[in-house]
Amino acid sequence: METNVQKRRETRSLRVKVISLGNAEVGKSCIIKRYCEKRFVPKYLATIGIDYGVTKVQVRDREMKVNIFDMAGHPFFYEVRNEFYKDSQGVILVYDVGQKESFDSLDGWLDEMKQELGSISNMESIVFVVCANKVDLTKRRVVDESEGRLWAESRGFFYFETSAQSGEGINEMFQVFFSSIADMCENGGKRPIAEVNLGFTKEQADTIRRIRSSKDSWDMLGVKPGATKEEINKAYRKLAVLLHPDKCVAPGSEDAFKAVVNARTALLKNIK
Ligand code: GTP
Ligand code: MG
């Protein structure tokens, strides 16, 4: 006969499903292996379709049984992957900091997932964590921390710098990931919203992104080539108010602010 203690423990235990997403070769399987098996395999063994594993973790007074579905990143496996999106409580989104394309693909991965889930509202009850992986390879890094953090945090996702090779960030990432999933389950399926504590607006995030990708100083200030001094100053003031480091804590705001100051100086120099 079951004792009350056994029964209580069972009601406190949780079963969850998490998936990994991201381009091929970014390190999804290695991140999971580093956490579950405490080891790193340098040789690339592409995941064929899906790898499945289960691990038990303790979150506060709860035991969590985590079913991990490690997806293959190669487009070839789309037909296999698409079956596995539904009923996930957590997503590990991975890119390689030395491969810009893998960072630019993150939106595409969200789109694929949204398409399979059929409705955006379903995405609200999922915890997302973004791993900027392979940070040990510092010389080949092309996507900096502020760029990755901005992408993640402006969507209410967690952001971690990780290395499956050295282990950096891996345990911290999984701890936050699992405890947030537990919080969400206790909260009736609502994601603990990181946006509440974000401290920056979507307009600020979008502006920083626009500044980063602008092609010249005119474009950066959002004025037409040949704009007058007044037009330049007006555009500058608007951006300065939005991005001033005293006012804006969005990742990358300081660099964006400096770039705007430099753009204004360069344009005004040519006018005189
Ligand atoms: P698919 O299964 O094809 O989608 O790839 P994946 O994202 O699972 O990549 P995987 O984990 O197999 O790793 C790809 C390659 O990157 C392997 O050669 C790994 O050894 C290497 N790798 C993964 N993580 C790291 C890391 O943090 N640092 C370094 N230096 N190499 C890594
Ligand atoms: Mg893999």
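We now turn to the structure provided with this report. (Residues numbered from 1 in each chain as written. Chains lettered and ligands numbered in written order. Predicted model: local features only at pLDDT ≥ 70, side-chain atom pairs only at ≥ 80, totals over all residues. Heavy atoms only, no water.)

### Here's the deal with the coordination of the magnesium ion (ligand 2)
And then number 1: Ser29 (OG) and Thr47 (OG1) make up the full set of protein donors to the magnesium ion (ligand 2), lying at 2.0 Å. With a gap of 18 residues between them, Ser29 in helix α2 (residues 28-37) and Thr47 in the loop between α2 and β2 (50-59) connect regions that are remote in the sequence.
And then number 2: We classify Ser29 as partly exposed; its relative accessible area is 21%. (Donors = N, O, S within 2.8 Å, 3.2 Å for Na, K, Ca; no water. Helix = DSSP H or I, 4+ residues; strand = E, 2+ residues; numbered from the N terminus. Buried < 20%, exposed > 50% of the residue type's maximum accessible area, 1.4 Å probe, protein only.)

### A look at the site of ligand 1
And then number 1: Around ligand 1 sit 25 residues, and of these Lys28, Tyr44, Thr47, Gly73 and Asp136 come closest.
And then number 2: Between Tyr44 and ligand 1, the recorded distance is 2.4 Å, taken from a side-chain N or O atom to an oxygen atom.
And then number 3: At a separation of 3.4 Å, an oxygen atom of ligand 1 approaches a polar backbone atom of Gln165.
And then number 4: Across the complex, the protein chains shield 93% of the 650 Å² of accessible surface that ligand 1 would expose by itself.
And then number 5: A molecule is said to occupy a pocket when more than half its atoms come within 2 Å of that pocket's grid points, and by this definition ligand 1 occupies the largest pocket.
And then number 6: Here the shell around ligand 1 gets 3 residues from one element, more than from any other, and that element is α2.
And then number 7: When its residues are assigned to classes, the shell around ligand 1 shows 12 nonpolar, 8 polar and 5 charged. (Near = heavy atom within 4 Å. Polar contact = N/O pair within 3.5 Å; in protein donor to acceptor, adjacent residues only side chain to side chain. Areas by Shrake-Rupley, 256 points an atom, 1.4 Å probe, with all protein chains shown as cover. 1 Å grid on protein atoms, 1.4 Å probe; cavity = no way out; pocket = protein on both sides within 12 Å on 5 of 7 lines; lining within 4 Å. Sits in = over half its atoms within 2 Å of the grid points. Nonpolar A, V, L, I, M, F, W, Y, C, P; charged D, E, K, R; others polar.)

### A closer look at the layout of surface pockets
And then number 1: Its boundaries defined by the atoms lining it, the largest pocket holds a volume of some 500 Å³.
And then number 2: In this structure, the largest pocket is lined by 28 residues; those nearest its centre are Glu25, Val26, Gly27, Cys30 and Tyr44.
And then number 3: Of all the elements, α2 adds the most residues to the lining of the largest pocket, at 4 residues.
And then number 4: Class assignment for the residues of the lining of the largest pocket results in 14 nonpolar, 8 polar and 6 charged. (Points joined across faces, edges and corners; volume = space filled by probe spheres on them.)

### Some details on the pairing of strand β4 (residues 90-96)
And then number 1: Burial analysis of β4 places 7 of its 7 residues in the buried class, which makes it a mostly covered element.
And then number 2: Along β4, one buried face is formed by Gly90, Ile92, Val94 and Asp96 and the opposite face, lined by Val91, Leu93 and Tyr95, is buried too.
And then number 3: With 4 bridges joining them, strand β1 (residues 14-21) and β4 adopt parallel strand pairing. From the neighbouring strand, Ile19 faces β4, where its bridge partner is Val91.
And then number 4: As defined by bridge partners, β4 adjoins strand β5 (residues 127-133) across 7 bridges and the pair is classed as parallel. What sits directly across from Val94, in β5, is Cys131. (Pairing = 2+ DSSP bridges.)

### A look at the packing of aromatic side chains
Pairs of aromatic rings are described using the distance from one ring centre to the other and the angle between the two planes.
And then number 1: Inspection of every chain in the model, using the stated rule, returns 10 aromatic pairs.
And then number 2: Both rings, one in Phe69 and one in Phe84, keep their centres 5.5 Å apart while their planes meet at 35 degrees; by these two values the pair is tilted. Residue Phe69 is found in strand β3 (residues 62-71), and its partner Phe84 is found in the loop between α3 (78-81) and β4; the two are separated by 15 residues along the sequence.
And then number 3: Phe69 gets classed as buried once you look at its relative accessible area, which sits at 14%.
And then number 4: The lysine or arginine in question, Lys17, covers the ring of Phe69, its NZ or CZ lying 4.9 Å from the ring centre. (Phe/Tyr/Trp six-rings, centres within 6.5 Å; stacked < 30°, edge-to-face > 60°. Lys NZ or Arg CZ within 6 Å of the ring centre and 35° of its normal.)

### Comments concerning helix α10 (residues 229-243)
It helps to recall that an α-helix has 3.6 residues per turn; residues three or four apart then point in one direction.
And then number 1: For α10, with 15 residues, the first-to-last C-alpha span of 21 Å sits near the 21 Å given by 1.5 Å per residue.
And then number 2: Taken together, the buried positions of α10 are occupied by Ile232, Asn233, Ala235, Tyr236, Leu239, Ala240, Leu242 and Leu243.
And then number 3: Where α10 is buried, its residues contact α8 (202-212), α9 (217-221) and α11 (253-271). (Expected span 1.5 Å × (residues − 1). Contact = heavy atoms within 4.5 Å.)

### So, a positive patch on the surface
And then number 1: Positive charge collects at one region of the surface, where Arg210, Lys234, Arg237 and Lys238 lie side by side.
And then number 2: With 3 residues, the single largest contributor to the positive patch is α10.
And then number 3: Considering the arrangement of structural elements, one finds Lys234 in helix α10. (Patch = residues over 30% accessible without salt bridge, like charges linked within 9 Å, V, L, I, M, F, W, Y side chains within 5 Å. Salt bridge = Lys/Arg side-chain N within 4 Å of Asp/Glu carboxyl O. Lys, Arg positive; Asp, Glu negative; His and termini not counted. Charge placed at Lys NZ, Arg CZ, Asp CG, Glu CD.)

### What to know about the sheet that holds β3
And then number 1: Judged by pairing direction, the sheet is mixed, and its 6 strands sit side by side in the order β2-β3-β1-β4-β5-β6 without closing on themselves. Unpaired on one side and paired on the other, β2 and β6 (158-161) mark the two borders of the sheet. Each strand axis lies, on average, 25 degrees off the axis of its neighbour in the sheet, ignoring direction.
And then number 2: In the sheet, β2 pairs with β3 via 10 bridges, with the strands oriented antiparallel. By the bridge assignment, Val54 is partnered in β3 with Asn67.
And then number 3: Lying on the sheet, helix α7 (residues 170-186) is in contact with β1, β2, β3, β4, β5 and β6; it crosses β5 at an angle near 170 degrees. (Axes fitted to C-alpha atoms, helices over the stretch in contact; angles between N-to-C directions.)

By themselves, these observations are geometric and do not establish any function.
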